[in-house]
Amino acid sequence: ETMKHYFEKKEKGELLVQKVDFLKRNILEPVNLSVPNDGQLRFGDVVMLVNAGGENRQLSAVGINVDVNSLTKTPSPGIQTPCGVSATRGIQPCIRTAFIITSVDGSPEGSNLHFDQSFALRTTGGFARGLYLTSDLQSFQKCAKKSGLQEVYLDNSTCFLSWWRIVHFDPQERLEYEGQPVPANEKVLIMHCKTNQALAVLGDQLLWTAYGKEYEVTAHTFLDSHKAEQDVNHWILCTSDPAGDGLVLLRRLQPAASDQQLT
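Residues numbered from 1 in each chain as written. Predicted model: local features only at pLDDT ≥ 70, side-chain atom pairs only at ≥ 80, totals over all residues. Heavy atoms only, no water.

Some points on the overall build of the protein chain
Okay, step 1: Across its full length, the protein chain carries four helices and 14 strands.
Okay, step 2: Relative to a compact globule of 263 residues, whose C-alpha radius of gyration would be 18 Å, the protein chain shows 19 Å and is just as compact.
Okay, step 3: The C-alpha extent of the protein chain, read off along each of the three principal axes, is 70 × 45 × 40 Å.
Okay, step 4: Across the 263 residues that make up the protein chain, the buried fraction comes to 45%.
Okay, step 5: Long-range pairs, those at least 24 residues apart, make up 68% of the contacts in the protein chain between residues at least 6 apart in sequence.
Okay, step 6: As displayed, the protein chain has an accessible area near 13600 Å², and 49% of this comes from carbon and sulfur atoms.
Okay, step 7: Distance between charge centroids for the protein chain: 9 Å, based on 25 positive and 30 negative side chains. (Helix = DSSP H or I, 4+ residues; strand = E, 2+ residues; numbered from the N terminus. Rg over C-alpha atoms; globule rule 2.2 N^0.38 Å. Buried < 20%, exposed > 50% of the residue type's maximum accessible area, 1.4 Å probe, protein only. Contact = heavy atoms within 4.5 Å. Areas by Shrake-Rupley, 256 points an atom, 1.4 Å probe, with all protein chains shown as cover. Lys, Arg positive; Asp, Glu negative; His and termini not counted. Charge placed at Lys NZ, Arg CZ, Asp CG, Glu CD.)

This is how it looks when you write it as structure tokens:
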């Protein structure tokens, strides 16, 4: 009876190993990031949210944290909402790490994204369901699992909870850049519009996911002694290189890595 039950599940693709293989085969499918010819971000661009790392963190990117229990098969296989996010140390552009810059104020697709302008970050369609990066005020019932800070997750709603804005990472230059186009592949802060908390990756809060050991992502502004945001709040909206040499961020980091190796 046990063997019969096993083969029945195998024929239906319901074995755990089959579900994990199906999930990774779909969620890790490669995605082509946008190629900005003028170096500026626009609505409709496909980007990765990358944190350059720090003292106890490696280079990481925001990714969809979905397991086999968070999948739905109706009307087609995809992600069930709400769905968590985490910071993965694999920064290959794929369905799991790709986000689309989406307008929320009526700005046409292809127009420039400006500093302090509201926008949304949406996953790709199909298997990823086109979900929005969302956050809300923390409470006893709703907060990040490890740190207890403000939770960041994916939802299918386009309400005010899914609105974000970009500000310059240097507080002394923030007013000068207000209203200017946002450059791609440069260090910025991603602020949540409702709570005014900055997107952050926590190197000391580790999550065991279906993809290995990853960092927790939350919305919380970490300030240093000079009242400036720390590197856990610094993000790069990463795009592809116009010359076709892969990611611009990796190409910039290669010389620095070579110098450290020589040293």
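Now that the structure has been shown, the text picks up again.
Topic: the side chain of H192
Okay, step 1: Note on placement: H192 falls in strand 11 (residues 187-192).
Okay, step 2: For H192, the side chain forms a polar contact with the main-chain oxygen of L161, separated by 2.7 Å.
Okay, step 3: H192 has contacts with S135, D136, Q150, F160, L161, W163, W164 and Q197, leaving out every residue within four places of it along the chain. (Polar contact = N/O pair within 3.5 Å; in protein donor to acceptor, adjacent residues only side chain to side chain.)

Structural notes on the nonpolar core
Okay, step 1: Ranked by internal contacts, the top residues of the largest apolar core, which has 54 residues, are I27, L49, I79, I101, L133, L199 and L237.
Okay, step 2: With five residues, the top contributor of residues to this core is strand 1 (residues 46-51).
Okay, step 3: Apart from residues no more than four positions distant in its own chain, L133 is found in contact with L49, V85, F99, L121, V152, Y153, L154, L161, S162 and W164. (Core = buried A, V, L, I, M, F, W, Y, C linked by side-chain atoms within 4.5 Å.)

Quick look at the pattern of salt bridges
Okay, step 1: If you walk through the whole model with that rule in mind, you get seven salt bridges.
Okay, step 2: With a closest N to O distance of 2.6 Å, R25 and D21 form a salt bridge. Remark: D21 and R25 occur in helix 2 (residues 16-27); sequence separation between them is four residues, near one turn of the helix.
Okay, step 3: The residue R174 makes a salt bridge to E229 at a minimum N-O spacing of 3.1 Å. In this pair, R174 is assigned in helix 3 (residues 174-177) and E229 in the loop between strand 13 (212-219) and strand 14 (235-238), connecting sequence segments 55 residues apart.
Okay, step 4: When its relative accessible area of 10% is taken as the criterion, E229 is described as buried. (Salt bridge = Lys/Arg side-chain N within 4 Å of Asp/Glu carboxyl O.)

Notes on the packing of aromatic side chains
Okay, step 1: All chains considered together, the criterion is met by three aromatic pairs.
Okay, step 2: Here F22 and F127 contribute two aromatic rings whose centre-to-centre distance is 6.2 Å and whose plane-to-plane angle is 75°, an arrangement assigned as edge-to-face. With a gap of 105 residues between them, F22 in helix 2 and F127 in the loop between strand 7 (119-123) and strand 8 (132-135) connect regions that are remote in the sequence.
Okay, step 3: On the numbers, 5.7 Å between centres and 70° between planes, the contact of F115 with Y177 is edge-to-face. (Phe/Tyr/Trp six-rings, centres within 6.5 Å; stacked < 30°, edge-to-face > 60°.)

Examining the pairing of strand 2 (residues 60-65)
Okay, step 1: Burial within strand 2 is extensive, with five of its six residues counted as buried.
Okay, step 2: When strand 2 meets strand 5 (residues 83-88), the two strands line up antiparallel, connected through five bridges. What sits directly across from G63, in strand 5, is S86. (Pairing = 2+ DSSP bridges.)

Brief notes about a nonpolar patch on the surface
Okay, step 1: A cluster of nonpolar residues, M3, Y6 and F7, forms a patch on the protein surface that exposes about 320 Å² of accessible area.
Okay, step 2: Along the chain, Y6 falls in helix 1 (residues 2-12). (Patch = residues over 30% accessible without salt bridge, like charges linked within 9 Å, V, L, I, M, F, W, Y side chains within 5 Å.)

Points about the side chain of R57
Okay, step 1: Position of R57 relative to the elements: it lies in the loop between strand 1 and strand 2.
Okay, step 2: A polar contact is formed between the side chain of R57 and the side chain of N51, at a distance of 3.0 Å.

A look at unusual backbone geometry
Okay, step 1: Backbone torsion omega between T81 and P82 reads -5°, so that peptide bond is classified as cis.
Okay, step 2: Although it is not a glycine, N196 sits at a positive phi angle of roughly 60°.
Okay, step 3: Relative to the helices and strands, N196 is located in the loop between strand 11 and strand 12 (199-209).
Okay, step 4: When its relative accessible area of 41% is taken as the criterion, N196 is described as partly exposed.

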